[in-house]
Amino acid sequence: MMAPRPTYAHPDYRGRIGLIAPYAPGFCDSCNRLRVTAKGALRLCLFGELGVNLRDLLTPDQDEALRARIEAALIGKPSGHRLHESNSGDTRQLAQFGG
Ligand code: SF4
């Protein structure tokens, strides 16, 4: 399990900030993250490649087919990113995902 990430605060301001450190050991160890792009592609890893099209199943009457496609796609979910190999997949900027 990944150690809790430190957060930082300034006494003159409200709130705290934390840093996302994808190169830290264990960063991907408990990953259960999935993302769907604005175009309806399921991304199995933030730094993965391509995506699984879900767009044609994003209507209320296709829940079972949608579930089946997502479950089938999960078999291909990587155990971690490949940033250490200078491979960020299709992600050029995090803004592609809305942050
Ligand atoms: S880089 Fe990929 S595998 Fe690692 S935590 Fe993020 S989404 Fe999960």
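Description of the structure in this document. (Residues numbered from 1 in each chain as written. Predicted model: local features only at pLDDT ≥ 70, side-chain atom pairs only at ≥ 80, totals over all residues. Heavy atoms only, no water.)

Topic: the overall build of the protein
1) Next: For the protein, the helix and strand inventory stands at 1 helix and 5 strands.
2) Next: Reading the protein from its N end, one meets helices and strands in the order β-β-β-β-β-α.
3) Next: Relative to the 2.2 N^0.38 estimate, which gives 13 Å for 99 residues, the radius of gyration of the protein is 17 Å and therefore markedly larger than a compact globule would have.
4) Next: Principal-axis analysis of the C-alpha atoms gives the protein an extent of 50 × 35 × 25 Å. (Helix = DSSP H or I, 4+ residues; strand = E, 2+ residues; numbered from the N terminus. Rg over C-alpha atoms; globule rule 2.2 N^0.38 Å.)

Considerations on the nonpolar core
1) Next: Membership of the largest hydrophobic core is limited to 6 residues, which are L42, L44, L54, L57, L66 and A73.
2) Next: For L57, the residues in contact, after removing those within four places along its chain, are Q62, A65, L66 and R69. (Core = buried A, V, L, I, M, F, W, Y, C linked by side-chain atoms within 4.5 Å. Buried < 20%, exposed > 50% of the residue type's maximum accessible area, 1.4 Å probe, protein only. Contact = heavy atoms within 4.5 Å.)

Considering a negative patch on the surface
1) Next: Taken together, D61, D63, E64 and E71 make up a surface patch of like negative charges.
2) Next: Tracing the chain through its elements places D63 in helix α1 (residues 63-74). (Patch = residues over 30% accessible without salt bridge, like charges linked within 9 Å, V, L, I, M, F, W, Y side chains within 5 Å. Areas by Shrake-Rupley, 256 points an atom, 1.4 Å probe, with all protein chains shown as cover. Salt bridge = Lys/Arg side-chain N within 4 Å of Asp/Glu carboxyl O. Lys, Arg positive; Asp, Glu negative; His and termini not counted. Charge placed at Lys NZ, Arg CZ, Asp CG, Glu CD.)

Quick look at unusual backbone geometry
1) Next: Here S86, not a glycine, exhibits a phi torsion of approximately 60°, which is positive.
2) Next: Tracing the sequence through the fold places S86 in the segment after α1.
3) Next: On the basis of relative accessibility, which here comes to 72%, the residue S86 falls in the exposed class.

What about the layout of surface pockets?
1) Next: Roughly 360 Å³ of volume is contained in the largest pocket.
2) Next: If you go around the largest pocket, you meet 18 residues; those closest to its centre are I20, F27, R33, R35 and L46. (1 Å grid on protein atoms, 1.4 Å probe; cavity = no way out; pocket = protein on both sides within 12 Å on 5 of 7 lines; lining within 4 Å. Points joined across faces, edges and corners; volume = space filled by probe spheres on them.)

A closer look at the site of the ligand
1) Next: Neighbouring residues of the ligand: F27, C28, C31, R33, R35, C45, L46, F47, G80 and H81.
2) Next: Of all the cavities here, the one that holds the ligand is the largest pocket.
3) Next: Grouping the amino acids of the shell around the ligand by side-chain chemistry returns 6 nonpolar, 2 polar and 2 charged. (Near = heavy atom within 4 Å. Sits in = over half its atoms within 2 Å of the grid points. Nonpolar A, V, L, I, M, F, W, Y, C, P; charged D, E, K, R; others polar.)

Overview of the sheet that holds strand β4 (residues 41-43)
1) Next: Taken in spatial order, the 3 strands of this open sheet run β3-β4-β5, and their pairing is antiparallel. Pairing within the sheet leaves two strands with one partner each, and these edge strands are β3 (35-36) and β5 (52-53).
2) Next: Direction of pairing for β3 relative to β4: antiparallel, over a ladder of 2 bridges. Bridging from a neighbouring strand, V36 pairs with L42 of β4. (Pairing = 2+ DSSP bridges.)

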